Amino acid sequence: MSGLDRRAVVAELLRDTSDTPGGELLVVTGLGSATYDAGAAGDRDENFYLWGAMGGAAMIGLGLAIAQPTRRVLVITGDGEALMGMGALSTIAARRQPNLAIAVLDNGQFGETGHQASHTALGTDLAAVAKGCGWAATATVTAMADVSALRTRLRNEALFAVIRISPAEVPRFLPIRDGARLTARFRDALGVPIG
Amino acid sequence: MTEESWQDGVYAALKGLGVSQIGYVPDAGHARLIERAHADNDMAAVVLTTEEEGIALSAGAWLGGQRTALLMQSSGVGNCINMLSLPINCRMGFFTIITMRGEWGEFNPWQVPMGSATEAVLKAAGVHVRRAERAEEVVEVVSASARLAYDSAIPVAVLLSQRLIGAKVWVK
């Protein structure tokens, strides 16, 4: 099966995160491989890694984007995580939230649990779903040469993007999984007052 | 105290505590609050397709320094259980107001199983539960419970009893 190297894709999406309108890009990652990919690209206080709460990544992105309207929020997640929270595509489209973008790393598999085929390998096109939910801008990327342009769009538009990645296994990288610590450092980085 | 007036009191209390995002799956018992939220330019009123979206919304808001309230009815609690791991693990304040169904003059038997289990299920999942039975106490219960959630960074639910809300009237 073809597809892009997920680590190379995420490293490019998270390259020069300070080069973002409004300041450091705020990143939320879906549980499993998207979390490992973002950690492997370089740990940073503005990364909020999910290790659970499957289906919640996009909505965390929305709550954050509403709370921080001058900043850009990027949700990076997998096809399985996005499928579980598909209703959120409707909820977010209804808000027309301008500072939130979503990138789905789509390998057509539930990689964490034994590579069972996911719905995106069985007929569901998540970009078409997002479009049907009312997202004005959607994209599907299949070539590494297009990821750099996608990186720019994800930092400037309310874009829902599907990136077709290879299901090949990559070395596991395990970032911080203490949720309280992740929360505290993220809020500190934003200058949210303590208590 | 009329339903409209205690709901206005609840809205004022939430505003006073700095709530700026309200996620909801509609319920007749929350109608006034939802209407107030949409009419308020300083409040993001977010209609959800399912209740657990509201927990994730609240978590994102908390990360960004904003406070939220999630409005739902008791039947929606069952949709939320795994997502509650998010505010609990991440030590985030989470506050929800739940209108009860299936406990007082209920016409629809499909509301009864989840209505009967709501409090036990929330507690089992780690949520602190408070309850308002009378119109006179609603604003105080909501206000104290919301402060508990935000100031102690824990998940707190207020159940508004069906006796308070009034059983839905079904007309053929």
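That block above? That's the structure.
Residues numbered from 1 in each chain as written. Chains lettered and ligands numbered in written order. Predicted model: local features only at pLDDT ≥ 70, side-chain atom pairs only at ≥ 80, totals over all residues. Heavy atoms only, no water.

1. Thoughts on the overall build of chain A
Put simply, the rule is: Strands are runs of DSSP state E lasting at least 2 residues, helices are runs of H or I lasting at least 4, and numbering of each runs from the N terminus. With the radius of gyration taken over C-alpha atoms, the globule rule is written as 2.2 Å times the number of residues to the power 0.38. With a 1.4 Å probe rolled over the protein chains alone, any residue whose accessible area is under 20% of its type maximum counts as buried; one over 50% counts as exposed, and the rest are partly exposed.
A count of helical and extended segments in chain A gives eight helices and eight strands. The globule rule puts the C-alpha radius of gyration for 195 residues at 16 Å, and the 15 Å found for chain A is close to it. Reported as C-alpha extents along the three principal axes, the dimensions of chain A are approximately 45 × 35 × 30 Å. Considering chain A as a whole, with its 195 residues, one finds that 55% of them fall into the buried category.

2. Here we look at the interface of chain B and chain A
Filter applied, for reference: Should any heavy atoms of two residues lie within 4.5 Å, those residues are considered in contact. As used here, buried area is the combined drop in accessible area, with a 1.4 Å probe, of two parts when they are placed together. Two N or O atoms count as a polar contact when they lie within 3.5 Å, although within protein this holds only if one can serve as hydrogen donor and the other as acceptor, and sequence-adjacent residues are included solely when both atoms are side-chain atoms. Any residue that is not Ala, Val, Leu, Ile, Met, Phe, Trp, Tyr, Cys, Pro, Asp, Glu, Lys or Arg is counted as polar, Gly included; the first ten are nonpolar and the last four charged.
On the chain A side, the residues contacting the 26 residues of chain B number 26 residues. Surface buried jointly by chain B and chain A totals about 1,900 Å² across both partners, of which 69% is contributed by carbon and sulfur atoms. Our count for the chain B to chain A interface comes out at nine residue pairs in polar contact (both at pLDDT 80 or more). The set of elements that each furnish at least two residues to the side of chain B that touches chain A consists of β2 (44-47), α3 (52-63) and α4 (85-89) of chain B. With eight residues, α3(B) is the single largest residue contributor to the side of chain B that touches chain A. Considering only residue class, the side of chain B that touches chain A consists of 15 nonpolar, nine polar and two charged.

3. Observations regarding the nonpolar core
General note: in soluble globular proteins, nonpolar side chains tend to be found buried as a group. Defined as follows: In these notes, a set of buried Ala, Val, Leu, Ile, Met, Phe, Trp, Tyr and Cys residues joined through side-chain atoms within 4.5 Å is what counts as a nonpolar core.
Counting residues in each nonpolar core, the largest one holds 120 residues, and the members touching the most others are A:F48, A:I163, B:L86 and B:F95. Per element, the largest residue contribution to this core is eight residues, and it comes from helix α3 (residues 57-67) of chain A. For B:F95, the contacting residues outside a window of four places in its chain are B:L14, B:T68, B:A69, B:L70, B:V142, B:S145, B:A146, B:A149, B:Y150, B:V156 and B:V158.

4. Details of α3(B)
Since one α-helical turn is 3.6 residues long, residues separated by three or four positions face the same way. Residue and element names in this part refer to chain B. Counted only if it meets this: A helix is expected to span 1.5 Å multiplied by its residue count minus one.
A rise of 1.5 Å per residue sets the reference length of α3, with its twelve residues, at 16 Å; its end C-alpha atoms lie 17 Å apart and thus fit the reference within 8%. The element α3 is largely enclosed, with a buried count of eleven among its twelve residues. Three or more residues of α3 are buried, namely E53, G54, I55, A56, L57, S58, A59, G60, A61, W62 and L63. Positive phi appears at G65, one or two residues downstream of α3, with a value of about 90°.

5. Quick look at α3(A)
Of all eleven residues in α3(A), eleven are buried; the element is thus mostly enclosed. Within the span of α3(A), buried status applies to A:A57, A:A58, A:M59, A:I60, A:G61, A:L62, A:G63, A:L64, A:A65, A:I66 and A:A67.

6. Points about the sheet that holds β2(B)
All names here are of chain B. The condition that has to hold: Any two strands are treated as partners once DSSP identifies two or more bridges connecting them. The angle between two axes is taken between their N-to-C directions and runs from 0 to 180 degrees, where each axis is a line fitted to C-alpha atoms and a helix contributes only its stretch in contact.
The strand order across the open sheet formed by six strands is β2-β1-β3-β4-β6-β5, and the pairing between neighbours is parallel. Two strands in the sheet have a free side with no partner beyond their single neighbour: β2 and β5 (128-132). On average, adjacent strands in this sheet sit at an angle of 20° to one another, irrespective of strand direction. Note: strand β4 (residues 94-99) against strand β6 (residues 155-160), six bridges, orientation parallel. Counted as the bridge partner of F94 is P155 from β6. Strands β1 (19-24), β3 (67-73), β4 and β6 of the sheet are contacted by helix α1 (residues 3-16), whose axis makes an angle of about 130° with β1. Across the sheet, α3 touches β1, β2, β3 and β4, and the angle it forms with β3 is around 175°.

7. Side note on the pairing of β2(B)
All names here are of chain B. Basically, it comes down to this: When the strands point away from the viewer and the connection leading from the first strand across the helix to the second strand turns clockwise, the crossover is called right-handed.
Inspection of the sheet shows β1 paired to β2 by four bridges, in the parallel sense. Opposite G23, over in β2, you have V46 as the bridge partner. Handedness of the β-α-β unit built from β1, helix α2 (residues 31-39) and β2 comes out right-handed.

8. Topic: unusual backbone geometry
Not every positive phi belongs to a glycine, and A:R96 is a case in point at roughly 50°. Turning to its location among the elements, A:R96 is positioned in the loop between α5 (86-95) and β4 (100-106). Classification of A:R96 as exposed rests on a relative accessible area of 62%. Phi is positive for B:R91, which is not a glycine, with a value near 50°. Here B:R91 shows up in the loop between α4 and β4. Relative accessible area serves as the criterion here: at 53%, B:R91 is assigned to the exposed category.

9. What about the sheet that holds strand β7 (residues 137-141) of chain A?
All names here are of chain A. The sheet built from six strands is open, its strands ordered β2-β1-β3-β4-β8-β7 with parallel pairing. The sheet is open, and its two borders are formed by β2 (47-49) and β7, each paired with just one other strand. Neighbour-to-neighbour, the strand axes of the sheet open up by a mean angle of 15°, direction not taken into account. In terms of strand pairing, β4 meets strand β8 (residues 159-164) through five bridges, oriented parallel. The residue bridging L105 from the neighbouring strand is I163, located in β8. Against the sheet, helix α8 (residues 179-190) engages β1 (26-29) and β2, with an angle of about 160° to β2.

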